[in-house]
Amino acid sequence: MIDFEKELNSVQLEACTSIDGPVMVIAGPGSGKTRVLTYRIAYMLERGIAPWNILALTFTNKAAREMKDRLERLVGSGGQKVWAGTFHSIFAKILRIESEKIGYPSTFTIYDTDDSKSLINQIVKEMNLNKEQYTTNLIRNRISSAKSLLISPAAYAADEELMEEDRQRDVPHLFKVYGQYARRCFESGVMDFDDLLYNFFLLLQRNPEGVLEKYRDKFKYLLVDEFQDTNYMQYAILKKLVRYPDSPENICIVGDDAQSIYAFRGATIDNILDFEKTFRDVRVVKLEQNYRSGKFIIDAANNVINNNTQQIKKKIWTDKSDNKKIDVIRALTDVEEARKVVDSIFELKNRAHLSNAEIAILYRTNAQSRTFEEHLRRNNMPYRIYGGMSFYQRKEVKDLLAYFRLVVNSNDEEALRRVINHPKRGIGDTTLDKLIAYARENKITVWEAMDRPIFPTRTQGLLLEFKSMIDQLHQESQRVMVDEIANKIYVKSGLSSLFRNDSTAEGKSRLENIQSLLDGIKEYVENDVLGEDEEVSEKSLQEYLQSIALLTDQDVNPEDKDFISLMSIHAAKGLEFDAVFVTGMEENLFPSFLSMDSPLEMSEERRLFFVALTRARHFLTLTYATSRFKFGKMVYYQPSRFLDEVGEHNLKAPIHKPQNIVYERQSKASVGGNFNGKRSAIPTSDKFQVNPSPTAAFAAGQEVLHPRFGKGKILRIEGNGDNRIAAIRFTLTGDDERKIMLRFAKMEVLA
DNA sequence: TCCGCATGCTTTTTT
DNA sequence: AGCATGCGGA
């Protein structure tokens, strides 16, 4: 029996025991959020709720694992039966069971970001579009944003506003790329990361009585962690599961609007605001007591976040007497910054006896890790960089995995393209292009095209040889254990002899990586991790692939645990360390130059800084350099505005302000391109805070505020009923007028 | 078809 | 400064 009253403070207790009906827990940093989540589940189990009726969703595998571990410690093995995992992994698991209902094979494979990009490039090439305009990232971001707003290719093409945006960006045919991309994924039996959510939504949408009812009935209690990071689509899925006539609406969302740092990825704070409106009688619990950081850190964090206007009112506080002030280190260059940080780490270790594992170096962009890495290595200090290339993204690992994928799902086009001529077997680009073109013309998959007699005998022979090898392996994979088939694929593919004949240093390290991949598979097979549910128990190659497709580098556990952590602030969310260095505190770097002319993006940067500050338990150091190398060139920087917001009384010493330096104005890159992306004077993401007025309220002559275009004047109104269109002249956009469909627009009448 | 070298481009943040 | 891409030669 757990003594809930003893182990929780009164607010935490309330959050844990209010298990019926909708609950919103606003949890400040370090307020015992994970504790609440796990104790809440434990409480439910004690009350006799079956573990398989509980669904707990997180964003990262790490958070899910931590929740499961702590739950197990609390309630024993019964906790394993709770459905706890990331949005992506849980939905993937269900999709695998129900895939046929949306026309997918149960053997569907998953495209990672690189595969998606590669397919997009392929399509752009096939459509003869100019790739200077149709850049991969732009297209990918647009497609991804569309999906997270549940906009299908057809709906995209029909959406005048999106089409207008694409014309503005000089990519009027983007909708066709989206259509082709979606079709190709579907026909290849693959899903990208977004599809795992998007298709799950479709699954529920299209099968109201079969599937939707089943899962509504199954998941009687929902818990959602980091709710502030959910996007429209994720929230829509949650509502599907919880909102229906006579639903008990047992959903508990946990989040903190002050820690919302993924708006760029489509996460929207509106979800938190909407939650209270959508669900009736929401019980709101605010966890404000911080058990993590010293009082100067807490005060600094509060000072910083108070510079943001829009937020749910709360103030984090601590009763800790920790009296260590925040240190600020100024350096002349990025190299000196790294040196001083390393010096400071030495000092901390000596003076406060910290172990490496209790120290973290954080930065805004991953590129900044390099100098720190060099200095740490030079000083023989163990470190680990998160957010670089994950193990599974290494070329040699991906190559072998691509073979696995092809064996599981022979229609996986990207896997095929990757391995068909690796190792070299005389099937070059020309052949491959022809094959793909033929498949498209005849509306068959590339795999099916391979045994059509369209090539000279020699090429045909090579193709057939390859095809029958994969076919054979596929047959075998049905009978044999995963580790055995994995080894067989490694040998039969020719990769094994390729590596064995490579005696260079890189070759050796590649071989080591392959070996540890194969070892990992063996471990996977032997490790009898019970599936969360009896429905999925048999271990297939497909299941293995699915389990690793969703892993990030944070999920690979190193042998030696005592290392200094280097990571982006985004990656640090949810973590805490005794000593934290927040580096690169410079204007245009943090806050990023990309956020400079948008108040909304600036507040996100500030929330990011808030997250950075609150990672620290005792020692917090902010560092900045007045110059650093960028693309081989020296660039000068000014100290970040955020340094001033911390409050001087929280600092060990006042900030040294450099004088008489001419700062270079940075230019903006024109990449980006999700709906939050930006380019030219016309913003493409919401930049203005708007209180939408009802559609009927608009009339000619009014001054209005549009979330993206800013202030404008309504020249006239055209059409009527649902199709009323306002012709508006916006100050910002510079053109004569813009037509806005009032039914969709979220505009506010100002005067 | 394959390999080597020159060129130009990069930088948010990530499940 | 480093990496991917593209082009030309074998």
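Residues numbered from 1 in each chain as written. Chains lettered and ligands numbered in written order. Predicted model: local features only at pLDDT ≥ 70, side-chain atom pairs only at ≥ 80, totals over all residues. Heavy atoms only, no water.

Caption draft 1: Layout of the pattern of salt bridges. In total, this model carries 43 salt bridges according to the counting rule given. For R617, the salt bridge identified is with D578, shortest N-O distance 2.6 Å. One end of the pair, R617, is in strand β14 (residues 616-625); the other, D578, is in strand β13 (residues 577-582), with 39 residues separating them in the sequence. Taking the relative accessible area as the measure of exposure, D578 reaches 10% and is therefore buried. Via salt bridges that share partners, K33, D225, E226, D229 and K573 belong to a single interconnected network. (Salt bridge = Lys/Arg side-chain N within 4 Å of Asp/Glu carboxyl O. Helix = DSSP H or I, 4+ residues; strand = E, 2+ residues; numbered from the N terminus. Buried < 20%, exposed > 50% of the residue type's maximum accessible area, 1.4 Å probe, protein only.)

Caption draft 2: Expanded view of the nonpolar core. I237 and F275 are the most contacted members of the largest nonpolar core, which has 68 residues in total. Sorting elements by how many residues they give to this core places helix α11 (residues 193-206) first, with eight residues. Once residues within four sequence positions are removed from consideration, I237 is found in contact with F91, L197, F200, F201 and L204. Core analysis: the second largest hydrophobic core is formed by 49 residues, A415, L462, A486 and Y524 among them. (Core = buried A, V, L, I, M, F, W, Y, C linked by side-chain atoms within 4.5 Å. Contact = heavy atoms within 4.5 Å.)

Caption draft 3: Quick look at the protein's contact with DNA strand C. Close to DNA strand C lie K131, R370 and F631, which account for all nearby residues. When atoms of DNA strand C within 4 Å of the protein are sorted by moiety, sugar and phosphate together comprise 50%. (Near = heavy atom within 4 Å.)

Caption draft 4: Seen up close, the sheet that holds β14. Spatial ordering of the open sheet is given by β9-β14-β13-β10-β12-β11, a layout of six strands whose pairing is parallel. The open sheet has two edge strands, β9 (327-331) and β11 (383-385), and neither has a second partner. The sheet shows a mean angle of 20° between the axes of neighbouring strands, taken without regard to direction. Bridge count between β11 and strand β12 (residues 564-568): three bridges; the pairing is parallel. What sits directly across from Y383, in β12, is I564. (Pairing = 2+ DSSP bridges. Axes fitted to C-alpha atoms, helices over the stretch in contact; angles between N-to-C directions.)

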